[in-house]
Amino acid sequence: MVVRFIFLSLIVAVLSYALGRSHAQTQETAKQIEIIKYVHTKTSKIHAAPHAGRDILLELMRNKKL
């Protein structure tokens, strides 16, 4: 009877561990997808912005803003 209880407890522990591990992997994947979307949004905004010309860059450098 005791052996059966220990065996069932071990099975429950292993299944709980496996379930927790898969849940953690799912959360990590969701974070990575969120980061990819964030980076894509930021790069899209940068690519959509007009490029600064030489005169504007020189003026920013003289004003110590660049």
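Chemist: Explain the overall build of the chain here, please?
Modeler: In terms of helices and strands, the chain carries two helices and zero strands. The C-alpha radius of gyration of the chain comes to 27 Å, more than 25% above the 11 Å expected for a compact globule of 66 residues. Structurally, the chain occupies a C-alpha span of about 85 × 25 × 10 Å along its principal axes. Here the chain, with 66 residues, has 0% of them falling under the buried criterion. Accessible area for the chain stands at about 6700 Å²; split by element, carbon and sulfur atoms hold 68% of it. If you average the places of the 10 positive and of the 4 negative side-chain charges in the chain, the two averages end up 8 Å apart.

Chemist: Explain unusual backbone geometry here, please?
Modeler: Trans peptide bonds make up the majority, and among non-glycine residues the majority have a negative phi. Here Lys 64, not a glycine, exhibits a phi torsion of approximately 55°, which is positive. By secondary structure assignment, the location of Lys 64 is in the segment after α2 (54–62). Judged by its relative accessible area of 74%, Lys 64 falls in the exposed class.

Chemist: Sorry, what's going on with a nonpolar patch on the surface here?
Modeler: Nonpolar side chains collect at one region of the surface, where Ile 56, Leu 57, Leu 60, Met 61 and Leu 66 lie side by side and expose about 470 Å² of accessible area between them. Structurally, Leu 57 is set in helix α2.

Chemist: Could you clarify how one ought to interpret the environment of Glu 34 in this entry?
Modeler: Tracing the backbone shows Glu 34 in helix α1 (residues 2–48). Among the residues examined, Glu 34 registers a relative accessible area of 58% and is labelled exposed. Between the alpha carbons of Glu 34 and Ser 16 there is a distance of 27 Å; along the sequence they are 18 residues apart.

Parameters at a glance
Residues numbered from 1 in each chain as written. Predicted model: local features only at pLDDT ≥ 70, side-chain atom pairs only at ≥ 80, totals over all residues. Heavy atoms only, no water. Helix = DSSP H or I, 4+ residues; strand = E, 2+ residues; numbered from the N terminus. Rg over C-alpha atoms; globule rule 2.2 N^0.38 Å. Buried < 20%, exposed > 50% of the residue type's maximum accessible area, 1.4 Å probe, protein only. Areas by Shrake-Rupley, 256 points an atom, 1.4 Å probe, with all protein chains shown as cover. Lys, Arg positive; Asp, Glu negative; His and termini not counted. Charge placed at Lys NZ, Arg CZ, Asp CG, Glu CD. Patch = residues over 30% accessible without salt bridge, like charges linked within 9 Å, V, L, I, M, F, W, Y side chains within 5 Å. Salt bridge = Lys/Arg side-chain N within 4 Å of Asp/Glu carboxyl O.

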